[in-house]
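For reference, the chains in residue letters:
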Amino acid sequence: MRRAGLALGLAFLWAPVILLVAYAFSADRIPFQWGGFSLRWFRALAENERLLEAALLSLRIAAGAATLATLLGGLAGWALARFGPFRGRALFGVLVGSPLVLPEVVTGLSLLLLFVALQGAVGWPAGRGALTVLLAHTTIGMAYVAVVVQARLAEQGRLLEEAAADLGARPFTVFRTVTLPLIAPALLAGWLLAFTLSLDDLVVASFVSGPAGTTLPMYLFGQIRLGLTPEINALGAVILALAGSALALVGWVLRRAARRMG
Amino acid sequence: MRRLLLLAPPFLWLLAFVAAPVAILLAIALAEPAMGVPPFTPPLAWDGEGPRWRGTLLSFAILAEDRFYLDAFLRSLRVAFLSALLCLLLAYPMALGILRARPSRRLPLLLLVLLPFWTGFLLRIGAWIGLLRDEGWLNGVLRGLGLIEAPVPMLYTDLALYLGMVHSYLPFAVLPLYAALSRLDPALEEAAADLGARPAVAFLTVTLPLSFPGALAGFLLVFIPAAGEFVIPELLGPPEAQLVGRVLWTEFFQNRDWPLAAALAVALLALLVLPIRLFQRLEARP
């Protein structure tokens, strides 16, 4: 009974994805129509320069935003878990949590209004595009990183850090040799989360971007509105293959590390 | 001193990119729409002698008077509520199923729940379009089986809207439920069984009530973003279903009425303050 519920849920989640990938290999011009095996839509994908350009821009923004978000969010999560009471802590906590719970349209619109006001007042950022999307995605990503890091530090307790300090380690040494290794998995998970969120975001990017900054979701949104082609099937297959291999690689590394430790 | 240096970068970033935007949003919701770039007159202006207030409640008055906007809010709340409920109904047996699986299988099963996410949100929406349209895959299969003669309209209906919503948000409900259920002590249900409760009774009287906070967190984690959702209603839902996210988008991008869009955002925020606070209280529990 319980197994049936799980199977049903997984089937619902996977059915559209499996069909999406399967029909990537169909020759038919209409998506989700079988017209014999063919790789033509993968070729079409490889030759679609606007799509590749958008994908490259999205990857660059996602990598940059995830890295900045990990630095800022890591500091924020550490401060919330370890700094004890400080002035403005309540406000800080509210601000860190806000991007997690604000609806996307609200985040997007409010950030755009900020960028317009800033440009009017100080001339920066001049125009909107990749930079403004990067700033917006960093802000959203850092909230997620902060939550993950704070949770990790909270469940770990301060015992190890206090022991290191008692044994004479200076604060920076404690941080480098105890705290940082403790939160490293959380930082990695947070980076990946921020990276994925950035790659997948359409709404916030549509608000804060400009003509020169068409990200992959923005490009796909326009294409889907114009009408589907099986290129999206091919793109889905490529992305799933990449995500699957990344996952397999991480799993392999973790298992090897575990075996060496054991 | 060192702490201040470490705290300053994230704090200043949040003040600049979270606090300031919300403040500006509030201000522009009070501005008067005008022709030009940007298309409004600032609510607070300098005129030689000092600041002068030129704000107006015009946009909020439009929201309050025009049935269209009230209907959009009510419809959004209904869609968000139903989507969250459907997610929860589907997620509960999934979370339980993962928990009851062998420990070595739990992580792979959780990853199976998450992996469809990595195909990209828009590609999954695109897949639903290809499956549901009149000449799409599902109608083809149904016709091939002889179940229908003419295609059944499925795309741009409530069916497509809810399929898209539940498909996109389901993992958000599964994860907090799984976390809540895995924290419960299995000995509690065993004790109920030892005292003579049948499995269904033990589940209904012990596990279900204890998992309520996790279920509520999962519900809110779907409800909050779903209330402002734009993409799924736009690409899958019925065209006449004007939801807040969509109305805000149209006011901003097509009608270029920035103050009205900002007022819609402020109203949406005001509506979501209670669910958001509730969610944060649930998350803050030890």
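Shown above is the structure to which this text applies.
For clarity, every value in this text was computed on a predicted model and none was experimentally measured.

Turning our eyes to something else, we now look at the overall build of chain B. A tally of helices and strands in chain B yields 13 helices and four strands. Rg of the C-alpha trace for chain B: 24 Å, well past the compact-globule value of 19 Å for 286 residues, more than 25% over. With the principal axes as the frame, chain B shows a C-alpha extent of 80 × 70 × 35 Å. Sorting the 286 residues of chain B into buried and exposed places 48% on the buried side. Pairs at least 24 residues apart make up 70% of the contacts formed inside chain B by residues separated by at least 6 positions. Only carbon and sulfur atoms are counted for the fraction: they give 68% of the accessible area of chain B, which is about 14100 Å². Charge-centre separation for chain B: the mean point of 21 positive side chains lies 11 Å from the mean point of 20 negative side chains.

Further remarks concern the overall build of chain A. Broken down by element type, chain A carries eleven helices and zero strands. Along chain A, helices and strands appear, N-terminal first, in the series α-α-α-α-α-α-α-α-α-α-α. With respect to the three principal axes, the spread of C-alpha positions in chain A is 70 × 60 × 35 Å. Residues counted as buried form 48% of the 262 residues belonging to chain A. When contacts within chain A are restricted to residue pairs at least 6 apart in sequence, those whose partners lie at least 24 apart make up 67%. Only carbon and sulfur atoms are counted for the fraction: they give 67% of the accessible area of chain A, which is about 12800 Å². Looking at chain A, you have 20 positive and 12 negative side-chain charges, and the mean spots of the two groups are 7 Å apart.

Facing the 78 residues of chain B at the interface are 74 residues of chain A. Summed over both sides, the interface between chain B and chain A buries roughly 6900 Å², with carbon and sulfur atoms accounting for 83% of that surface. Linking chain B to chain A there are one salt bridge. Note that R225(A) and E234(B) form a salt bridge whose closest N and O atoms lie 2.5 Å from each other. In this structure, the connection of chain B to chain A is made through nine residue pairs in polar contact (both at pLDDT 80 or more).

Together, R255(A), R256(A), R259(A) and R260(A) make up a positively charged patch on the protein surface. On the secondary structure map, R259(A) appears in helix α11 (residues 231-261).

According to the stated counting rule, one finds six salt bridges over all chains in the structure shown. A salt bridge links R246(B) to E234(B), with the nearest nitrogen and oxygen atoms 3.0 Å apart. Of the two residues, R246(B) sits in helix α12 (residues 244-254) while E234(B) sits in helix α11 (residues 231-235), which places them twelve residues apart along the sequence. Connected through shared salt-bridge partners, R225(A), E234(B) and R246(B) make up one network.

Moving on, we get to the nonpolar core. Within the largest apolar cluster, 168 residues are counted, with the highest numbers of intra-cluster contacts made by F92(A), L109(A), F207(A), L122(B), L170(B) and V231(B). Considering each element in turn, this core owes the most residues, 16 residues, to helix α3 (residues 67-100) of chain B. Residue contacts for L109(A): discarding those within four places in its chain leaves F207(A), L25(B), L248(B), F252(B), A261(B), A262(B) and A265(B).

Conventions we followed
Residues numbered from 1 in each chain as written. Chains lettered and ligands numbered in written order. Predicted model: local features only at pLDDT ≥ 70, side-chain atom pairs only at ≥ 80, totals over all residues. Heavy atoms only, no water. Helix = DSSP H or I, 4+ residues; strand = E, 2+ residues; numbered from the N terminus. Rg over C-alpha atoms; globule rule 2.2 N^0.38 Å. Buried < 20%, exposed > 50% of the residue type's maximum accessible area, 1.4 Å probe, protein only. Contact = heavy atoms within 4.5 Å. Areas by Shrake-Rupley, 256 points an atom, 1.4 Å probe, with all protein chains shown as cover. Lys, Arg positive; Asp, Glu negative; His and termini not counted. Charge placed at Lys NZ, Arg CZ, Asp CG, Glu CD. Buried area = accessible area lost by both parts, 1.4 Å probe. Salt bridge = Lys/Arg side-chain N within 4 Å of Asp/Glu carboxyl O. Polar contact = N/O pair within 3.5 Å; in protein donor to acceptor, adjacent residues only side chain to side chain. Patch = residues over 30% accessible without salt bridge, like charges linked within 9 Å, V, L, I, M, F, W, Y side chains within 5 Å. Core = buried A, V, L, I, M, F, W, Y, C linked by side-chain atoms within 4.5 Å.

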